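Per-entry structural report
Listed below, chain by chain, are the residues.
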Amino acid sequence: SQQGEEDPQALSIQEGENATMNCSYKTSINNLQWYRQNSGRGLVHLILIRSNEREKHSGRLRVTLDTSKKSSSLLITASRAADTASYFCATDGEYGNKLVFGAGTILRVKS
Amino acid sequence: EADIYQTPRYLVIGTGKKITLECSQTMGHDKMYWYQQDPGMELHLIHYSYGVNSTEKGDLSSESTVSRIRTEHFPLTLESARPSHTSQYLCASSETRRPNNYGYTFGSGTRLTVV
């Protein structure tokens, strides 16, 4: 199966609330990345966190990484309707090879 | 927006036809990738290239082929399309010469329907 597994599969929240998505992976990594995909479109890179980092921020995004548990979380604060999309985590594997993507979390932000 | 372009955006084609999905990037990235994605599902890597004249098969078995004659161009060809090939095909690129802070750049995808 794929390297990354996202949880939950789907999340529905009200505008202004925070959204938290989790990702678990199986093997050692160099870095973990989060992407957003709007319906029917390509993926957009959001943030990358290296294996020696524990937390990273970018605007309203906060990513944490726990390599001992092989898991990561993406927090979107003060969500907006425009944040409605699918969110994928991806890992590059121990040798920094090609990315492997999880199944994604579908986020719906209601206005 | 991304400087990676995929054409066509949508394609409906009959069984048995030969098709080529185009992917071009203007960023000079050395690595390029093709992923297959069914609606609402995860991405599966079908082909990748680490540079000119380099092509490798991905994790998902595919009846398609690719070529990389120029850095900027990475077309994917299906010799004989079948209904099982109906899916979205996403092209992406990345660069290894710079610190790996930027992830992959994706095209908008080609949604292929084989009837």
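For every chain, the first residue of the written sequence is number 1, and numbering continues from 1 onward in sequence order. For this description, chains carry letters from A and ligands carry numbers from 1, given in the order in which they are written. In keeping with the model being predicted, local features are shown solely for residues with a pLDDT of at least 70 and side-chain atom pairs are shown and tallied solely at 80 or more, while totals for entire chains, interfaces and linings include all residues. Side-chain metrics in this entry use all non-hydrogen atoms of the structure; hydrogen atoms and water are not considered.

1. Quick word on the overall build of chain B
Heads up, the condition is: Each helix is a run of DSSP H or I of at least 4 residues and each strand a run of E of at least 2, with the numbering of both proceeding from the N terminus. When we talk radius of gyration, it's over C-alpha atoms, and the globule rule is simply 2.2 Å times the number of residues to the 0.38. Contact definition: two residues touch when any of their heavy atoms are within 4.5 Å. The protein chains shown are the only cover counted for residues, whose accessible areas, like all others here, come from Shrake-Rupley with a 1.4 Å probe. Charge assignment in this entry is limited to Lys and Arg as positive and Asp and Glu as negative, and neither His nor the chain termini are counted. To locate a charge, take NZ of a lysine, CZ of an arginine, CG of an aspartate or CD of a glutamate.
Scanning chain B from N- to C-terminus turns up 0 helices and 11 strands. Scanning chain B from its N terminus toward the C terminus, one meets helices and strands in the order β-β-β-β-β-β-β-β-β-β-β. Its C-alpha atoms give chain B a radius of gyration of 14 Å, near enough to 13 Å, the size a compact globule of 115 residues would have. Dimensions of chain B along its principal axes, counting C-alpha atoms only, are 45 × 30 × 25 Å. Partitioning the intrachain contacts of chain B with sequence separation of at least 6 by distance along the chain shows that 55% fall at a separation of at least 24. Of the roughly 5600 Å² of accessible surface on chain B, a fraction of 52% belongs to carbon and sulfur atoms. Charge-centre separation for chain B: the mean point of 11 positive side chains lies 4 Å from the mean point of 12 negative side chains.

2. Side note on the sheet that holds strand 8 (residues 76-78) of chain B
Residue and element names in this part refer to chain B. Here is the rule: By the convention used here, strands pair only if DSSP detects at least 2 bridges between them.
If you trace the 4 strands from one edge of the open sheet to the other, you get 1-3-8-7, paired in antiparallel fashion. Taken across any chain shown, the strands that pair with only one partner, and hence form the sheet edges, are strand 1 (4-7) and strand 7 (65-66). For strand 3 (residues 19-25) and strand 8, the ladder comprises 3 bridges, and the chain directions are antiparallel. Note on strand 8: the bridge partner recorded for L21 is L76.

3. Structural notes on the pairing of strand 4 (residues 31-37) of chain B
All names here are of chain B. For clarity, the threshold we go by: Working definition: with a 1.4 Å probe on protein chains only, accessible area under 20% of the residue-type maximum means buried, over 50% means exposed, and in between means partly exposed.
Buried residues dominate strand 4, accounting for 7 of its 7 residues. Burial along strand 4 is two-sided: K31, Y33, Y35 and Q37 and M32, W34 and Q36, pointing in opposite directions, are all buried. Sheet analysis places strand 4 next to strand 9 (residues 87-94), joined by 7 bridges and oriented antiparallel. Of the residues in strand 9, the one forming a bridge with K31 is S94. With 6 bridges connecting them, strand 4 and strand 5 (residues 43-51) associate as antiparallel partners. Bridge pairing links Q37 to L43 in strand 5. Linkage of strand 4 to strand 5, two consecutive antiparallel strands, is achieved through a turn of 5 residues, within which G40 is found at a positive phi near 70°.

4. Section: the interface of chain B and chain A
Here is the rule we go by: When two parts are brought into contact, each loses some accessible area as probed by a 1.4 Å sphere; the total of that loss over both is the buried area. A pairing counts as a salt bridge when a side-chain nitrogen of Lys or Arg comes within 4 Å of a carboxyl oxygen of Asp or Glu. Each residue is assigned to one of three groups, with Ala, Val, Leu, Ile, Met, Phe, Trp, Tyr, Cys and Pro labelled nonpolar, Asp, Glu, Lys and Arg labelled charged, and all others, Gly among them, labelled polar.
The partner chain A presents 21 residues to the 26 residues of chain B that form the contact. Both faces considered, chain B and chain A share a buried interface measuring about 1800 Å² in area, 46% of it formed by carbon and sulfur atoms. Between the two partners, chain B and chain A, sit 0 salt bridges. Of all the secondary-structure elements, those providing two or more residues to the side of chain B that touches chain A are strand 4, strand 5 and strand 9 of chain B. With 5 residues, the top contributor of residues to the side of chain B that touches chain A is strand 5 of chain B. For the side of chain B that touches chain A, the class distribution of residues is 12 nonpolar, 9 polar and 5 charged.

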